[in-house]
Structure formats: C-alpha cells, structure tokens
Amino acid sequence: MGALAAAFWGFVGGAALILGALGGLYLGVSRRALSLVMALGAGVLISSVAFELTAESYERGGFDAVAAGLLCGSLVFFAADLVVNRRGGRHRKSSRGRQSGGSAAAIAIGALMDGIPESAAIGISLLEGGGISLALVAAVFLSNVPEGLSSAAGMRRAGHSTRYVLGLWGGVAVASALAALLGNLFLAEASENVVAAIQSFAGGAILTMLASTMMPEAYEEGGESVGLATAAGFLLAFVLSRTG
C-alpha cells in the first residue's frame, strides 16, 4: 500500500505540470505574471528542501549523509543539465518561445530530469509507514504549476503543437508517479544512512535545478520583485510544514 500511495502522490505532484500547461496554453497569462508565479514556486521548493528533505535527512543519517547526498545530487544534476543544455534543452522553462531552436528530445529529457528528484522525495517520505508529507506534496504541486505555465506558453510561442506540449507534460506526470513508486520500493529495506543520503541527493538536485533554470528564468522577466515572491513562497511552505 505504501508504494501505491507513493505512486499516487507522485502523480498528483506531476499532474500539476499538466494543469499549469493548460493554463499556459489557454489563459494567456503575461510573462511578468508567469515569472512571479515561478518565483513563488521556487520559494516553496527551497523551503521544502530545507525543512522536509535536509532536516529529516540529518535526523536520519547525520551530517555525513546530508553532505554526501547534497553534493552528489548537485553534481549529478549539474552534469546532466550541462549535457541537456548543449543538446538544445537550455530554455525548456522559458515563456518567451526560445524552445524553437532546441531539440525536442533534449527538452523532454530536461523536463524529466527536473521532475524526478521531487517525486522520488515524495516516495521516500512514506518509508516510515506514516502518512504522506502533505507539505512536501504541496511544495511540489505549487512549484510545478508555474513551471508548466511558463514552459507551455514558451513552447506555444516556439510553434510546438498543443498535442506535443500536453503529451510532454503527461509523460512527465507518469514518470513522476514511477519515480515516487521506485523511490519507495527500492529503499524500503535500506538503512537509515542510505535513505538519508538519497533524500539529501534529491534535495541537492532540486536546489541546483532551481538556481540554474527556474530562478534565472523568473528573474529575467520579473526583475527585483521576484525576490518578494520567492520569500512569500518560502513562508507559505514553511507554514504548511509546521501545520501539516
């Protein structure tokens, strides 16, 4: 049951990308509004990494597990992102339509790469047999909606069809469910140190993703005001984590 629950909640988080994509395709949200919503989502995820992933990882495995996991997650995402960027996926989150010159495969791989660490973290949160961390699910959901909004709007401007955009994010939602399922199944019998390291690994990958793709795209359109939106997102997720 724990694995099925992990898959369900992983899909819920990934489905936010589809919801956001529909908004980006049909609502005509301005680029400035998109940037502020994206900054809000970034703040939510930063808070989630701090309080739902890193702090819990430290309690499970101590400083060595946190340090090893965070550094490895950051390095792996950095290397993978570098490859994807060079193959045409650099602007996969852009709302300006820059995806027109990018490889469709690179954009798809980049989208998967951005979403999988978040979903794996959801699956890990169910390992102890307790209830799901609603704060973590909410953080993933709230950050994925603006990502889907911005990317879908940009892909539409770049000339990609609605079928392509929704198919891409639908595939990421399914992959998110699978990542949460596997994260729960494969680590069910693992030691606390291993679970802590994997949890921190996901946190390091998420932080690096935020700094290298999500936040620069937000700042480019929203300017200095994205700092306020990011702080608001951080506060929102912190409140959820304390009251959830």
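As the structure is a computational prediction, the values presented were derived from the model and not from experiment.

Attention now goes to the pattern of salt bridges. Pairing of side chains with opposite charge becomes possible as their charged atoms draw close. This structure, assessed with the given rule, holds one salt bridge. Residue Arg60 is joined to Glu192 by a salt bridge in which the shortest nitrogen-to-oxygen separation is 3.8 Å. Of this pair, Arg60 sits in helix α2 (residues 31-89) while Glu192 is found in helix α6 (residues 192-222), placing the two residues 132 residues apart along the sequence.

Time to look at the nonpolar core. For soluble globular proteins, the rule of thumb is that nonpolar side chains tend to be buried together. The biggest cluster of nonpolar side chains holds 23 residues, and the ones touching the most others in it are Leu53, Leu136, Ile206, Met209 and Leu210. Listed by contribution, the elements that provide at least two residues to this core are α2, α3 (104-125), α4 (134-157), α6 and α7 (226-243). Examining the composition of this core, we find that eight residues originate from one element, α2, more than from any other.

Attention now moves to the UniProt feature "transmembrane region" (unreviewed entry) in the protein. This chain's UniProt record puts "transmembrane region" (unreviewed entry) on residues 6-27, 34-53, 65-84, 119-143, 164-188, 194-214 and 226-243. Helix and strand shares over residues 194-214 are 100% and 0% respectively, and the end C-alpha atoms of the span are 29 Å apart. The span residues 226-243 carries 100% helix and 0% strand; its end-to-end C-alpha distance comes to 26 Å.

This next bit is on α6. Spanning 31 residues, α6 covers 41 Å between terminal C-alpha atoms, matching the ideal 45 Å at 1.5 Å per step. Taking the largest bend as the criterion, α6 deviates by roughly 45°, centred on Leu210. Note on α6: the residue one or two positions beyond its end, Gly223, has a positive phi of about 65°.

On to a nonpolar patch on the surface. Together, Leu178, Leu182, Leu185 and Phe186 make up an exposed nonpolar region whose accessible area comes to about 410 Å². Residue placement: Phe186 occurs in helix α5 (residues 162-186).

Right, let's get into the packing of aromatic side chains. Under the defined criterion, the tally for this structure stands at two aromatic pairs. Both rings, one in Phe51 and one in Phe234, keep their centres 5.9 Å apart while their planes meet at 65°; by these two values the pair is edge-to-face. Of the two residues, Phe51 sits in helix α2 while Phe234 sits in helix α7, which places them 183 residues apart along the sequence.

Calculation criteria
Residues numbered from 1 in each chain as written. Predicted model: local features only at pLDDT ≥ 70, side-chain atom pairs only at ≥ 80, totals over all residues. Heavy atoms only, no water. Salt bridge = Lys/Arg side-chain N within 4 Å of Asp/Glu carboxyl O. Helix = DSSP H or I, 4+ residues; strand = E, 2+ residues; numbered from the N terminus. Core = buried A, V, L, I, M, F, W, Y, C linked by side-chain atoms within 4.5 Å. Buried < 20%, exposed > 50% of the residue type's maximum accessible area, 1.4 Å probe, protein only. UniProt positions renumbered as here; feature names shortened; annotations may be inferred. Expected span 1.5 Å × (residues − 1). Bend = angle between axes of the 7 residues up to and from the residue. Patch = residues over 30% accessible without salt bridge, like charges linked within 9 Å, V, L, I, M, F, W, Y side chains within 5 Å. Areas by Shrake-Rupley, 256 points an atom, 1.4 Å probe, with all protein chains shown as cover. Phe/Tyr/Trp six-rings, centres within 6.5 Å; stacked < 30°, edge-to-face > 60°.

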